[in-house]
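One-letter residues, chain by chain:
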Amino acid sequence: MNITTTQKEICRLKQKYNTLGGIIMANISGNKNIESVDYNAIEAMESFNKFVKKKNTFLFSITAAFLLLYILLPILAFQPVLQQKVFGNITGVWVYSAGLFIMTIVLCTVYVKKAASFDKAAAAVLAEYHAKGGK
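Calculation criteria
Residues numbered from 1 in each chain as written. Predicted model: local features only at pLDDT ≥ 70, side-chain atom pairs only at ≥ 80, totals over all residues. Heavy atoms only, no water. Helix = DSSP H or I, 4+ residues; strand = E, 2+ residues; numbered from the N terminus. Buried < 20%, exposed > 50% of the residue type's maximum accessible area, 1.4 Å probe, protein only. Contact = heavy atoms within 4.5 Å. Areas by Shrake-Rupley, 256 points an atom, 1.4 Å probe, with all protein chains shown as cover. Core = buried A, V, L, I, M, F, W, Y, C linked by side-chain atoms within 4.5 Å. Patch = residues over 30% accessible without salt bridge, like charges linked within 9 Å, V, L, I, M, F, W, Y side chains within 5 Å. Salt bridge = Lys/Arg side-chain N within 4 Å of Asp/Glu carboxyl O. pLDDT = per-residue confidence, 0-100. Expected span 1.5 Å × (residues − 1).

### Comments concerning the overall build of the protein chain
Piece 1. Per the secondary structure count, the protein chain includes five helices and four strands.
Piece 2. For the protein chain, the α and β elements follow one another from N to C terminus as α-β-β-α-α-α-β-β-α.
Piece 3. A total of 135 residues make up the protein chain; the buried ones form 16% of that total.
Piece 4. Pairs at least 24 residues apart make up 52% of the contacts formed inside the protein chain by residues separated by at least 6 positions.
Piece 5. About 10400 Å² of surface is accessible on the protein chain, with carbon and sulfur atoms providing 67% of the total.

### Overview of the nonpolar core
Piece 1. One finds Val37, Ile42, Met45, Phe51, Phe58, Ile62, Phe118, Val125 and Tyr129 forming the largest nonpolar core, which totals nine residues.
Piece 2. If we ignore the near neighbours within four places in the chain, the residues touching isoleucine 62 are Leu107 and Val110.
Piece 3. Membership of the second largest hydrophobic core comes to seven residues, among which are Ala77, Leu82, Tyr96 and Met103.

### Considerations on a nonpolar patch on the surface
Piece 1. A contiguous nonpolar surface patch, about 530 Å² in accessible area, is contributed by Val86, Phe87, Ile90, Trp94 and Val95.
Piece 2. If you list the elements that add at least two residues to the nonpolar patch, you get strand 3 (85-87) and helix 5 (92-131).
Piece 3. Tracing the sequence through the fold places phenylalanine 87 in strand 3.

### Brief notes about the confidence of the model for the protein chain
Piece 1. Looking at the protein chain as a whole, its pLDDT mean stands at 80, while 73% of the residues score no less than 70.
Piece 2. Mean pLDDT values over the elements of the protein chain span from 42, in strand 1 (residues 24-26), up to 92, in helix 3 (residues 46-76).

### Comments concerning helix 3
Piece 1. Between its terminal C-alpha atoms helix 3 stretches 44 Å, which fits the 45 Å expected from 31 residues at 1.5 Å a residue.
Piece 2. What helix 3 keeps buried is the set Phe51, Phe58, Ile62 and Leu73.
Piece 3. Packed against the buried residues of helix 3 are helix 5.

### So, the pattern of salt bridges
Where side chains of opposite charge bring their charged atoms close, a pairing between them can arise.
Piece 1. Taken as a whole, this structure holds two salt bridges when the rule is applied.
Piece 2. The salt bridge involving glutamate 46 is made with lysine 50; its shortest N-O contact spans 3.3 Å. Here glutamate 46 pairs with lysine 50, and both are found in helix 3, just four residues apart, close to one helical turn.
Piece 3. Residue lysine 132 pairs with glutamate 128 through a salt bridge whose shortest N-O separation is 3.2 Å.
Piece 4. For lysine 132, a relative accessible area of 62% puts it in the exposed group.

### Some remarks on the side chain of threonine 91
Piece 1. Structurally, threonine 91 can be placed in strand 4 (residues 90-91).
Piece 2. Classification of threonine 91 as buried rests on a relative accessible area of 15%.
Piece 3. Setting aside residues no more than four positions away along its own chain, threonine 91 makes contact with Leu82, Gln83, Gln84, Lys85 and Val86.

This is how it looks when you write it as structure tokens:
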């Protein structure tokens, strides 16, 4: 099988599983059935928009906090406040850097726990869509 044949096969498979509106979703729970979902109808639902707003607010807030604290390290590293010794010969820069590692672990833990609630909310939106007669 040469590259051209492989590319043709890929195009054929894409055409097989895509529709004009892009409303095909594969069920990945082990069942190989393909379920048609009208994403435009879901997007028009108020519960979906509330879910997206809540999720985006959380994600952008946590990302902004991380980036702000991370970018401050090279800025503050040469300032007198972080050059002072805190514990023996350990300066504030080392303490701040260690704090960034701790912050990363905490933020990842918070995200993992919050993602579970986002999954439940997404399932509730999808259940509401199906309850309203969505296919």
